[in-house]
Structures are given as structure tokens and as C-alpha cells.
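# Coordinate analysis (summary)
Read off the chains here:
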Amino acid sequence: MAVSINSYLRDLSSRYYLKNDSKEVEKINRSLDGLLGNLDKELGILIKKRFVFGSYDRDTILPRTFDNNSDIDLMVVFNTTKYERTPETYRAWLKNFADKYYKDKYGSEVVKSFPTVTIRLGHINYDLVPAKEETSFWTSSLYIPSKGGGWQTTDPNDVKNKLTEANTKYNSIVRPIIRLMKAWNASKDYPFDSYELELFLTGLNYYGDDIQKGFFYAVSQLSTSWNDPQTKKDKVTSLKYNIEQVKSYLDKDDLTKAKQWLHRVLPE
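So, here is what we can say about the structure in this document. Because the structure is predicted, anything quoted here is derived from the model rather than measured.

For the rest of this paragraph, the subject is the side chain of N6. When you line up the elements, N6 lands in helix α1 (residues 6-15). Looking at N6, its side chain comes within polar contact range of the main-chain nitrogen of I211, at 3.0 Å. Within the structure, the side chain of N6 is placed 2.9 Å from the backbone nitrogen of Q212, a separation counted as a polar contact. Dropping the residues within four chain positions of it, N6 is found in contact with D210, I211 and Q212.

What follows is the structure in C-alpha cells.
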């Protein structure tokens, strides 16, 4: 009977977890409190609401030790009037705010990218996303800038709700598997967009799996398109080959060798 590496993968996924009592989270929350205070002071009368979303809110963000691109997503929903403003106006407001409070201060940097304004505060990036909300008697819809210069609908809680549902349905193994896959992705210079990878992994069927089986299954389901860069295809091929070697040594009851092959794809 083959040995298992399930508990070891669980321990690894725990290492990839940004724990609430960690010093890194303390720094993030301290910077976030300051940023929100400054935002309210500068633009408060123009803001309807603001909230954190993304991987930090979903509890799938990795420590910076394992993912240099870990960031905090902050949606800023502006008040709107009958005199509709363009998305670029809201982005400009956020850029001016960021420049005033953070540009060339405290070793920070401000970058305007699409559709965000990013404030780099040393240890982590804060991505400010401008938005507007339209409400009716029955529903409300959020909109963020589209690439065409207009607006597009968004649901910042969509993935979080799906992930929470899947994690509950599959005995709390989905978040650990996502952290494992994101650690591989980051260590290989991001062949996949982190958000898209998370969404893909959330939608898989892990019925009857533990973390080991679910992780191996997730790797087997990873695919590329014909027009993807060859480097991306090579990284996926390498991942699958290495995991097959892990499984082979587990079948031989050689846990030491299995771990060695595992760490060709997962950081220690």
C-alpha cells in the first residue's frame, strides 16, 4: 500500500497561509488603517463606501516570502449624480490622492495602471479600484472601468462566495489546495494569472478527496492553450512530470524521495 504525503501537504499549505496574528498582517492592517483614514480625510465626501476584497479578503493571499506579488485590493465606490463622470475622472481622483499622501514619502511609490492606482508601501502593494454603484428597488450593481473607456459590471464577492461554498462542500481542502498551487505559480514567475488560477481551482470537483488527492487532481486538470507562450507550456509540463514522480515514489513507499520531487515544484 502506497504511503501518504497528505499531512505533509497540509503542513506546507499552512506555511503558505498568511496568519492573522503574524507581524506581516499587523503591518498590512496598520498601513491599511492609515490609508483608509487618509482616503476619508481627502475624498470622504465623494465616497459612498470602500472595502477590501480579493485574495486578502478570501484568505488565500500568500506571505510575501512566497509571493512577491501579494497585494491588497481596495474598492472605492464613489457617489454619482445625474452629471455622470467618466471612469478616468475617478481614477484621476485616486491618483491625485495617492500622490499627495504617498508619492516619494516613507519610501513609497505610486503607479497608475489599469484599472487601479497602486500604492507601494514597502512591504506590500495596495491596489485602489474606482467604482460606481447603481441601485434600483430590487437590486444594486457595481461597475468598474472597462478597457474601452466605459464601465463594466463586477461582483467582488463572487469568487469569495463560490470559494466558501466549495471549501465547505469539500471538507475544507479547497483553500489549502489553492495556496499550494499559488505557491507553485509564484515560484515559477506566474505562468498563470493568480486570480484566474484561483477561480479555476475553486470550480473543480474534489468529491471524496483529501488534500493530497485534491492537489494531484488539480495539477492533472491544469492546461494551456495553443497560443500560450512556450514557457508557460513548459512549466505546466514540468509540474505534471514532477508530480508523477512524486506519485511514483509514494507507490514505492519512499516518502523521502517523494518529498524531494515535490520540492521541485513547491517552495520549502
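Further remarks concern the packing of helix α6 (residues 174-187) against helix α7 (residues 194-202). Two numbers describe a pair of packed helices, the interaxial angle and the distance between the axes. At a closest axis distance of 10 Å, the pairing of α6 and α7 adopts a crossing angle of 145°. In this structure, α6 meets α7 at a crossing whose hand is right-handed. Note on element contacts: α7 touches α6 through S194, L197, E198, L201 and T202, opposite V174, I178, M181, K182 and N185. Residue composition of the contact of α6 with α7, grouped by class: five nonpolar, three polar and two charged.

It is the contact of helix α2 (residues 23-43) with helix α4 (residues 87-102), at a shortest axis distance of 11 Å, that shows an interaxial angle of 120°. Classified by the angle their axes make, α2 and α4 are oblique. For the pair α2 and α4, the crossing hand works out as right-handed. Every residue of α4 that contacts α2 at G34, L35, N38, L39, K41, E42 and L43 is listed here: W93, L94, F97, K100, Y101 and Y102.

One recurring pattern in soluble globular proteins: nonpolar side chains tend to sit buried together. Among the nonpolar cores identified, the biggest contains 39 residues, and L9, M181, Y206, F215, I243, L262 and L266 are the most heavily contacted of them. Looking at this core, the elements that each hand over two or more residues are α1, α5 (158-169), α6, α7, α8 (211-221), α9 (230-251) and α10 (255-262). Among the elements that take part in this core, α6 stands out by supplying seven residues, more than any other. Within the second largest apolar cluster, 29 residues are counted, among which are I72, V76, Y90 and L94.

The next subject is the pairing of strand β7 (residues 151-154). Pairing of strand β6 (residues 140-145) with β7 involves four bridges; the strand directions are antiparallel. Within the sheet, the bridge partner assigned to I144 lies in β7 and is Q152.

Here we come to the pattern of salt bridges. Scanning all chains against the criterion turns up 13 salt bridges. Notably, a salt bridge pairs R50 with D40, separated by 2.7 Å at the nearest N-O pair. You can see R50 sitting in strand β1 (residues 47-53) and its partner D40 sitting in helix α2, a full 10 residues away along the chain. Among the residues examined, R50 registers a relative accessible area of 28% and is labelled partly exposed. Taking the relative accessible area as the measure of exposure, D40 reaches 34% and is therefore partly exposed. Of the charged contacts, one joins K100 and E42 as a salt bridge, the two residues approaching to 3.0 Å between their closest N and O atoms. Note that K100 is positioned in helix α4 and E42 in helix α2, a separation of 58 residues in sequence. For E42, a relative accessible area of 31% translates into the label partly exposed.

Our focus in this paragraph is the pairing of β6. Bridge count for strand β5 (residues 124-135) against β6 is four bridges, and the pairing is antiparallel. What sits directly across from E134, in β6, is S141. Where β5 folds back onto β6 in an antiparallel hairpin, the turn is made up of four residues. The antiparallel hairpin formed by β6 and β7 contains five residues in its connecting segment, where G149 sits at a positive phi of about 95°.

Right, let's get into unusual backbone geometry. In this structure, N171 takes a positive phi of about 60° despite not being glycine. On the basis of relative accessibility, which here comes to 63%, the residue N171 falls in the exposed class. For D189, which is not glycine, the phi dihedral falls at a positive 65°. Residue placement: D189 occurs in the loop between α6 and α7.

Looking now at α1. The complete set of buried residues in α1 reads N6, L9, L12 and S13. Across the axial projection of α1, the buried residues extend over an arc of 120°, all falling on one side. Buried residues along α1 sit against α6, α8 and α10.

Procedures and definitions
- Residues numbered from 1 in each chain as written.
- Predicted model: local features only at pLDDT ≥ 70, side-chain atom pairs only at ≥ 80, totals over all residues.
- Heavy atoms only, no water.
- Helix = DSSP H or I, 4+ residues; strand = E, 2+ residues; numbered from the N terminus.
- Polar contact = N/O pair within 3.5 Å; in protein donor to acceptor, adjacent residues only side chain to side chain.
- Contact = heavy atoms within 4.5 Å.
- Axes fitted to C-alpha atoms, helices over the stretch in contact; angles between N-to-C directions.
- Left-handed = near helix turned anticlockwise from the far one by under 90°.
- Nonpolar A, V, L, I, M, F, W, Y, C, P; charged D, E, K, R; others polar.
- Parallel < 35°, antiparallel > 145°, perpendicular 65-115°, else oblique.
- Core = buried A, V, L, I, M, F, W, Y, C linked by side-chain atoms within 4.5 Å.
- Buried < 20%, exposed > 50% of the residue type's maximum accessible area, 1.4 Å probe, protein only.
- Pairing = 2+ DSSP bridges.
- Salt bridge = Lys/Arg side-chain N within 4 Å of Asp/Glu carboxyl O.
- Arc of directions from axis to C-beta.

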